[in-house]
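Topology and contacts: notes
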Amino acid sequence: MIAFLFFLVFFLVYALIAVYGERKISAFIQDRYGPMEVGYYGILQMIADLLKIIQKEDIIPFAADKRIFKPAPIIVFTAIFAGFAIIPLTSDFMGSEVEAGIFYLLAIVSLDVLGILMVGWGSNNKYALFGAMRAVAQIVSYEIPLGLTVVCVVMISQTLSLQEITYQQGIWWNTIDPDAQNYLFGIKALGIETTAIGGILTWNIFRVPLFLLAFVIFFIASLAESNRTPFDIPIAESELVGGFHTEYSGFRWSLIMLSEYGIMLLVSFLAVVLFLGGWNTPFPNIGSVELATWTSGTPGTFTGHLWGAFWMISKAFTLVFIQIWIRWTFPRLRLDQLMNLSWKYLTPAAIILVLLSALWRMLMI
Amino acid sequence: MVLAAGSAVFIMFTKNILYAALALMVTFLSLAVIFIFLGAEFVAITQILVYVGGILILLVFGIMLTNKTGSTQVLSLTYNKVLGFLASGALFIILFKGITLANFAALDWNKESESLEPSIAKFGQILMTDYVIAFEIIGLLLLLALIGAVRIAGKARKEADHGT
């Protein structure tokens, strides 16, 4: 329950920061100022926008299928928000420690697709329907490379629980499994043990260097999952007005926007947990300079929570920043290019990676 | 359970095929909830992943692609009422008899599993050792289905393509 309330508030605050950040970053990339009027440096702009959105009339088009139109944004939002239930924010703080964590996440996010279909269909508008169709085709295709890279990580970690995957990537692994050992690049034959060194050396992308590739595939697929440029043809302004949420206004519209930013954060959190060490610190222990121990608290203690949340959130925000950065630097892909990329390049590459990570696992034991 | 049964009945009586599909989602989700209450997390999640995330989306997609996006709605009317009732009634009686006659508690695997805690690791191990042949056969079958689907779809596309 605490986790629920925390994530709800965190989610809303994050959305404010992210929208403000997006506008500012896009402005700087395009060599302009962005919001400057409201508050110092436009910092209150989002609060003004929020007030405006709440005051807006909730318009339901006459021709819309009302029974589908009304609950659809709620389904989209709920699906995304339910994903946060299993994100291990710190070593001891998460909504639910289900054993099948990552599996649950992949399942629950697919509900979002259905919500988008309902949004598009219920609007009874050709632009909305086109947007929804494109969104769903894209999300369903990119779920495959995404799922396969997740399988790579699961094969190496031998667990589906996100918390356990995180523990494996830091100096605290021995607190839950006393016999566990990490080796440099995961190769036992090298004989360099890194369990106590921790830091970036035990993150999955360093523990298994193959995962650098897997991480890139995951990141590209996650961009497509969250309908971000270069995969934003579902909401291409120049072709489809506003995409699948063209007909929405007021609070329902803001729910859809919230979910868009929510899934950006969710996939960033997931990328952090799977590849970038979760709540573990990036600094390794070097001899007596115990950077890793200094910058992370013992799991379960107050400092453990603080450091854990700090690293987790700052890593995720960095990824969100990169997503925004990419959005304002790259043009969008055409539909056929999009499908080519997923089916001809990412999926085969991900399948090969699954095979290779199975082989790498043999080196680790 | 009420939700599951209610939405299933709604599917039967509604004429709007899209509403039926969406009610099917409610049915699947409430079934998943029942699984969770029975302690079968993994089955529940698989239920959502496969049925809601896969089959249902395909279904809705199919409806949307074939539907006329005009003023006319696609309706699923009821035909052959007598025959339908007979067939489903017979099936129900057979299943009901079978389930009441079978003594599940006396089965070997059921007796053993009562003492076991549900664990995904064990489930995976058993799947890859005791039931590996079934697992592989299913995999092969799915691969065949996939190749078949690609073959059919690929051929249809060539005909529609006007000289590129």
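Rules used throughout
Residues numbered from 1 in each chain as written. Chains lettered and ligands numbered in written order. Predicted model: local features only at pLDDT ≥ 70, side-chain atom pairs only at ≥ 80, totals over all residues. Heavy atoms only, no water. Helix = DSSP H or I, 4+ residues; strand = E, 2+ residues; numbered from the N terminus. Contact = heavy atoms within 4.5 Å. Areas by Shrake-Rupley, 256 points an atom, 1.4 Å probe, with all protein chains shown as cover. Rg over C-alpha atoms; globule rule 2.2 N^0.38 Å. Buried < 20%, exposed > 50% of the residue type's maximum accessible area, 1.4 Å probe, protein only. Lys, Arg positive; Asp, Glu negative; His and termini not counted. Charge placed at Lys NZ, Arg CZ, Asp CG, Glu CD. Polar contact = N/O pair within 3.5 Å; in protein donor to acceptor, adjacent residues only side chain to side chain. Phe/Tyr/Trp six-rings, centres within 6.5 Å; stacked < 30°, edge-to-face > 60°. Lys NZ or Arg CZ within 6 Å of the ring centre and 35° of its normal. Salt bridge = Lys/Arg side-chain N within 4 Å of Asp/Glu carboxyl O. Patch = residues over 30% accessible without salt bridge, like charges linked within 9 Å, V, L, I, M, F, W, Y side chains within 5 Å. Core = buried A, V, L, I, M, F, W, Y, C linked by side-chain atoms within 4.5 Å. Domains from an automatic or database assignment. Buried area = accessible area lost by both parts, 1.4 Å probe. Nonpolar A, V, L, I, M, F, W, Y, C, P; charged D, E, K, R; others polar.

**Structural notes on the overall build of chain B**
- Tallying secondary structure elements over chain B gives 7 helices and 0 strands in all.
- Along its sequence from the N terminus, chain B presents helices and strands in the succession α-α-α-α-α-α-α.
- Taking as baseline every contact in chain B between residues at least 6 positions apart, the subset at least 24 positions apart corresponds to 47%.
- A total accessible area of about 12700 Å² is found for chain B, and carbon and sulfur atoms account for 73% of it.

**Things to note about the overall build of chain A**
- The number of helices and strands found in chain A is 15 helices and 2 strands.
- Relative to the compact-globule value of 21 Å for 365 residues, chain A shows a C-alpha radius of gyration of 21 Å, a close match.
- Principal axes of the C-alpha set define a box for chain A whose edges measure 70 × 45 × 40 Å.
- With 365 residues in all, chain A has 58% of them scored as buried.
- Long-range contacts, defined here as pairs at least 24 residues apart, represent 76% of the contacts in chain A between residues at least 6 apart.
- Across chain A, the 20 positively charged side chains and the 24 negatively charged ones have centroids separated by 8 Å.

**Observations regarding the side chain of Ser30 of chain B**
All names here are of chain B.
- Tracing the chain through its elements places Ser30 in helix α2 (residues 17–37).
- Of the polar contacts made by the side chain of Ser30, one reaches the backbone oxygen of Val26; its length is 2.6 Å.
- Sequence-distant contacts of Ser30, defined by excluding residues within four places in its chain, comprise Leu3 and Ala4.

**Concerning the packing of aromatic side chains**
Residues and elements named next belong to chain A.
- Counted by the stated rule, this structure contains 28 aromatic pairs over all chains.
- Seen from their ring centres, Phe11 and Phe81 are 5.7 Å apart, and the 45° between their planes marks the pair as tilted. Remark: Phe81 occurs in helix α4 (residues 72–83) and Phe11 occurs in helix α1 (residues 2–29); sequence separation between them is 70 residues. Each member of the pair, Phe11 as well as Phe81, is classed as buried.
- Among the aromatic side chains, those forming a connected cluster through ring pairs are Phe4, Phe6, Phe7, Phe10, Phe11, Tyr14, Phe77, Phe81, Phe84, Phe269 and Phe317.
- For the cation-ring pair, Lys24 lies above Tyr41, with the distance from its terminal atom to the ring centre recorded as 4.3 Å.

**Overview of the pattern of salt bridges**
Residue and element names in this part refer to chain A.
- Under the definition given, this model contains 2 salt bridges over all chains.
- Ionic pairing is found between Arg327 and Glu22, a salt bridge with its closest N-O pair at 3.4 Å. With Arg327 in helix α14 (residues 302–327) and Glu22 in helix α1, the pair connects residues that are 305 residues apart, well separated along the chain. There is no split in this pair, since Arg327 and Glu22 are both buried.
- Asp49 serves as the salt-bridge partner of Arg23, at 2.9 Å between the closest nitrogen and oxygen. With Arg23 in helix α1 and Asp49 in helix α2 (residues 45–55), the pair connects residues that are 26 residues apart, well separated along the chain.

**Here we look at a nonpolar patch on the surface**
Residues and elements named next belong to chain A.
- A cluster of nonpolar side chains, Phe28, Tyr33, Met36, Tyr40 and Tyr41, forms an exposed patch at the surface whose accessible area comes to about 610 Å².
- Structurally, Tyr40 is set in the loop between α1 and α2.
- By relative accessible area, Tyr40 is classed as exposed at 70%.

**Points about the nonpolar core**
Residue and element names in this part refer to chain A.
- Core analysis: the biggest nonpolar cluster contains 130 residues, and Phe84, Leu162, Phe211, Phe269, Leu274 and Phe275 have the highest contact counts within it.
- Here this core takes 16 residues from helix α12 (residues 250–275), the largest share from any one element.
- When near neighbours in sequence (up to four residues on either side) are disregarded, Phe211 contacts Cys152, Val153, Ile156, Asn204, Ile205, Phe275 and Ser357.

**Details of the domain arrangement of chain A**
All names here are of chain A.
- Partitioning chain A into domains gives domain 1 (1–55) and domain 2 (61–364).
- Interface area for domain 1 against domain 2, summed over the two sides, is near 2200 Å², with a carbon-plus-sulfur share of 85%.
- Seen at the junction of domain 1 and domain 2, the total is 1 salt bridge.
- If you look at where domain 1 meets domain 2, you find 4 residue pairs in polar contact (both at pLDDT 80 or more).
- When its residues are assigned to classes, the side of domain 1 that touches domain 2 shows 16 nonpolar, 3 polar and 1 charged.

**Section: the interface of chain A and chain B**
- Taken together, the contacts link 24 residues of chain A with 28 residues of chain B.
- Of the roughly 2300 Å² buried where chain A meets chain B, counting both sides, 82% is carbon and sulfur surface.
- The tally of links between chain A and chain B comes to 0 salt bridges.
- Summed over the shared surface of chain A and chain B, the number is 0 residue pairs in polar contact (both at pLDDT 80 or more).
- Breaking the side of chain A that touches chain B down by element, the ones donating at least two residues are α3 (66–69), α5 (101–122) and α6 (126–157) of chain A.
- Top element by residues in the side of chain A that touches chain B is α5 of chain A. It accounts for 11 residues.
- Broken down by class, the residue content of the side of chain A that touches chain B amounts to 20 nonpolar, 1 polar and 3 charged.

**Observations concerning unusual backbone geometry**
All names here are of chain A.
- Even without being a glycine, Asp31 presents a positive backbone phi close to 60°.
- Mapping Asp31 onto the fold places it in the loop between α1 and α2.
- Exposure remark for Asp31: the relative accessible area of 73% places this residue in the exposed category.
- For Gln158, which is not glycine, the phi torsion reads 60° and is therefore positive.
- Positionally, Gln158 belongs in the loop between α6 and α7 (162–167).
- Judged by its relative accessible area of 55%, Gln158 falls in the exposed class.

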